[in-house]
Amino acid sequence: MKTLITNIQELLQIRDASINKVSGVEMKQLPSIKNAYLIIEDDRIADFGKMKNCPVIKVDITIDASGKVVFPSWCDSHTHIVYAGNRVFEFVDRINGLSYEEIANRGGGILNSAKKLNETSEEDLYEQSKVRLEQIMQQGTGAVEIKSGYGLTVAGEIKILRVIKKLAENYPIKIKATFLGAHAFPAEYKDNHSGYIDLIINDMLPKIAKENLADYIDAFCETGYFSVKETERIMEAGKKYGLQAKIHVNQFNAINGINACVKHNALSVDHLEVVTDEDIEALKNSDTIPVALPSCSYFISIPYTPARKLIDAGLPLALATDFNPGTTPSGNMNFVVATACIKMKMTPEEAINAATINGAYAMGISDTHGSITIGKKANLIISKGVSSFYQLPYEFGSDLIDTVIIEGIRIK
Ligand code: NIG
Ligand code: FE
């Protein structure tokens, strides 16, 4: 099956196969071809170039992209979209003055979602979650990482990971699974942290590894959640099963967790709403990528990750949604990109790099996703008519996506 896209006003994010992420000043460059064509063969990008060099070939479908920009679909490297019910009442509680911490302290928050999830069947959880997956695909996401972490029991965590596996089997979107048993301490382990970590390491992890249900391991490294030492235990245990770490860290407090994550060769450190100079030093010359989640900052009114400070220090940065019921009930990467430009002072070029090639790196798939490269997956967004790609973050909140193609299949 061959598809030819013609007359593309601008084809963005053209990269050599050797580029797996971009850092520092490189993030300001978004290589492109004006007046371009692109050919898809089955699920891959087969060819692209200047329209004047477009080969005359027989194709099954031709799409005229006059006045439109084409770029790689979003790579959302941090979500929790497999959850049960929602937390709308906590949303209203926060409007009425309670903080995220106060809600969590009275049994709400993650424990509230865990209770609902453990009462929900695997079939029902799948049905609820697939709606969110279909929604993000419509919004242009072509690859997504999904975490467990709302089970906090052996059965609950495995239930989530099985749902993630089933979603991956049934949809064309690339899905990476992360085991986040260390998301919070269940009430019965409130005063027995090592007991719960033992359960994660000795019970959950072997079962998850045996069923091959996870690609990565995560922990919420934060005051009141998992200490740096406890997070290190989790990272070390994951490593034994070949699970590299992607860690929630520096969301509310800087507790020197980033240094530990780098030491343990974490693939990514996510959140970083608070960042110290020591954290930045730790990340320099490492392979660990920081991931910012601006929709979370927006929704719970916490500081935005200091993107300028990180990028100007020469670091790479990825952008993701954090789609979850508590801090970010939205999986819209278009909003993330716009908010990064508006609130974090990232240029549109930097934001698109962060949401495509760097997002792919943060979930370990930049050899197949995140750029317009011959041989990579044909995961594309075709915009509506725009004057330039700057219009995408500029008209924040508008739907400027005309077509979404995932692995060669037209989704929208
Ligand atoms: O990434 N910070 C930890 N975990 C999620 C929120 C969890 C929740 O409130 O349900 C996050 O923001
Ligand atoms: Fe998260």
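Residues numbered from 1 in each chain as written. Chains lettered and ligands numbered in written order. Predicted model: local features only at pLDDT ≥ 70, side-chain atom pairs only at ≥ 80, totals over all residues. Heavy atoms only, no water.

The secondary structure content of the chain amounts to 15 helices and 16 strands. Relative to the compact-globule value of 22 Å for 412 residues, the chain shows a C-alpha radius of gyration of 21 Å, a close match. Seen through its principal axes, the chain has C-alpha atoms that stretch 70 × 45 × 45 Å. Taking all 412 residues of the chain together, 60% fall into the buried category. (Helix = DSSP H or I, 4+ residues; strand = E, 2+ residues; numbered from the N terminus. Rg over C-alpha atoms; globule rule 2.2 N^0.38 Å. Buried < 20%, exposed > 50% of the residue type's maximum accessible area, 1.4 Å probe, protein only.)

Between helix H12 (residues 333–344) and helix H13 (residues 348–355), whose axes approach to 9 Å, the crossing angle comes to 140 degrees. Taken together, the axes of H12 and H13 lie oblique to each other. When the axes of H12 and H13 are compared, the crossing they make is right-handed. Contacts between H12 and H13 involve Met 333, Val 337, Ala 340 and Cys 341 from the first element and Pro 348, Ala 351, Ile 352 and Ala 355 from the second. Each residue belonging to the contact of H12 with H13 can be placed in one class, and the counts come to eight nonpolar, no polar and no charged. (Axes fitted to C-alpha atoms, helices over the stretch in contact; angles between N-to-C directions. Parallel < 35°, antiparallel > 145°, perpendicular 65-115°, else oblique. Left-handed = near helix turned anticlockwise from the far one by under 90°. Contact = heavy atoms within 4.5 Å. Nonpolar A, V, L, I, M, F, W, Y, C, P; charged D, E, K, R; others polar.)

The local shell around ligand 1 holds 15 residues, among which Arg 87, Tyr 100, Tyr 150, Gln 251 and Thr 327 are the closest. Taking Tyr 150, its side chain carries an N or O atom lying 2.6 Å from an oxygen atom of ligand 1. Here an oxygen atom of ligand 1 and a side-chain polar atom of His 271 are 2.8 Å apart. Coverage of ligand 1 by the protein chains reaches 100% of its 330 Å² of free accessible surface. (Near = heavy atom within 4 Å. Polar contact = N/O pair within 3.5 Å; in protein donor to acceptor, adjacent residues only side chain to side chain. Areas by Shrake-Rupley, 256 points an atom, 1.4 Å probe, with all protein chains shown as cover.)

Another aspect to go through is the packing of helix H5 (residues 154–170) against helix H6 (residues 193–210). Contact geometry of H5 with H6 gives a least axis separation of 10 Å together with a crossing angle of 35 degrees. Considering the relative orientation of H5 and H6, their crossing is right-handed. Counted together, Val 154, Glu 157, Ile 158 and Leu 161 of H5 and Leu 199, Asp 203, Met 204, Lys 207 and Ile 208 of H6 form the full contact between these two elements.

Core analysis: the largest hydrophobic core is formed by 104 residues, its most contacted members being Leu 133, Leu 167, Phe 179, Tyr 196, Leu 319 and Met 346. No other element matches H6, which puts eight residues into this core. Formed jointly, this core draws a minimum of three residues from each of two domains, domain 1 (2–72 + 368–410) and domain 2 (74–361). Among all residues touching Met 346, those that are not within four sequence positions of it are Met 27, Ala 307, Arg 308, Ile 311, Leu 317, Leu 319, Ala 340, Cys 341, Ala 351 and Ala 354. (Core = buried A, V, L, I, M, F, W, Y, C linked by side-chain atoms within 4.5 Å. Domains from an automatic or database assignment.)

As a further point, take a nonpolar patch on the surface. A cluster of nonpolar residues, Phe 91, Val 92 and Ile 95, forms a patch on the protein surface that exposes about 270 Å² of accessible area. With respect to the helices and strands, the residue Phe 91 is situated in helix H1 (residues 88–95). (Patch = residues over 30% accessible without salt bridge, like charges linked within 9 Å, V, L, I, M, F, W, Y side chains within 5 Å. Salt bridge = Lys/Arg side-chain N within 4 Å of Asp/Glu carboxyl O.)

The next point concerns the pattern of salt bridges. In total, this model carries 22 salt bridges according to the counting rule given. For Arg 308, the salt bridge identified is with Glu 350, shortest N-O distance 2.8 Å. Taken as a pair, Arg 308 in helix H11 (residues 307–312) and Glu 350 in helix H13 lie far apart in primary sequence, 42 residues in all. Overall, the relative accessible area of 0% leaves Glu 350 in the buried class. Salt bridges sharing common partners tie together Lys 28, Arg 308, Asp 312 and Glu 350.

Turning our eyes to something else, we now look at the pairing of strand E15 (residues 401–406). Note on strand geometry: in a regular strand, side chains alternate between the two faces of the sheet. For E15, the buried fraction is high: five of the six residues fall into the buried class. Note: E15 against strand E16 (residues 409–410), two bridges, orientation antiparallel. Bridged to Ile 405 within E16 is Arg 410. Where E15 folds back onto E16 in an antiparallel hairpin, the turn is made up of two residues, including Glu 407, whose phi is positive at roughly 50 degrees. (Pairing = 2+ DSSP bridges.)

Burial of strand E8 (residues 174–182) is extensive: eight of the nine residues sit out of reach of the surface. The pairing of strand E7 (residues 141–147) with E8 spans five bridges and is parallel. Looking at the pairing, Lys 147 lines up with Thr 178 of E8. Alignment of E8 against strand E9 (residues 216–221), held across three bridges, turns out to be parallel. Within the sheet, the bridge partner assigned to Phe 179 lies in E9 and is Ile 217.

Below, the discussion takes up the coordination of the iron ion (ligand 2). Looking at the metal site, the iron ion (ligand 2) is ligated by His 78 (NE2), His 80 (NE2), His 248 (NE2) and Asp 322 (OD), spaced 2.1 to 2.2 Å from it. The sequence pattern describing where the donors of the iron ion (ligand 2) fall on their chain is H-x1-H-x167-H-x73-D. A residue pair is termed long-range when its members are at least 10 positions apart, and His 78 in strand E6 (residues 74–79) and His 248 in strand E10 (residues 244–249) qualify at 170 residues. On the accessibility criterion, His 78 (0% relative accessible area) is buried. (Donors = N, O, S within 2.8 Å, 3.2 Å for Na, K, Ca; no water.)

A few words now on H6. Taking 1.5 Å per residue as the helical rise, H6 with its 18 residues ought to reach 26 Å, and the 25 Å between its terminal C-alpha atoms agrees with that figure. When the local axis directions of H6 are compared, the greatest deviation, roughly 35 degrees, occurs at Met 204, which is followed within four positions by the proline Pro 206. For H6, every residue scored as buried is listed here: Gly 195, Tyr 196, Ile 197, Leu 199, Ile 200, Ile 201, Met 204, Leu 205 and Ile 208. Along its buried surface, H6 packs onto H5, E8, E9 and helix H7 (228–240). Just beyond H6, the residue with positive phi is Asn 212, at close to 55 degrees. (Expected span 1.5 Å × (residues − 1). Bend = angle between axes of the 7 residues up to and from the residue.)

Position of Ser 295 among the secondary structure elements: in helix H10 (residues 294–300). Accessibility expressed as a relative area gives 3% for Ser 295, which makes it buried.

Next up on the list: unusual backbone geometry. Residues other than glycine seldom take positive phi values, yet Gln 13 does so here, at roughly 70 degrees. Positive phi values are uncommon outside glycine, yet Asn 35 reaches one of about 50 degrees. Within the secondary structure, Asn 35 is located in strand E2 (residues 32–41).

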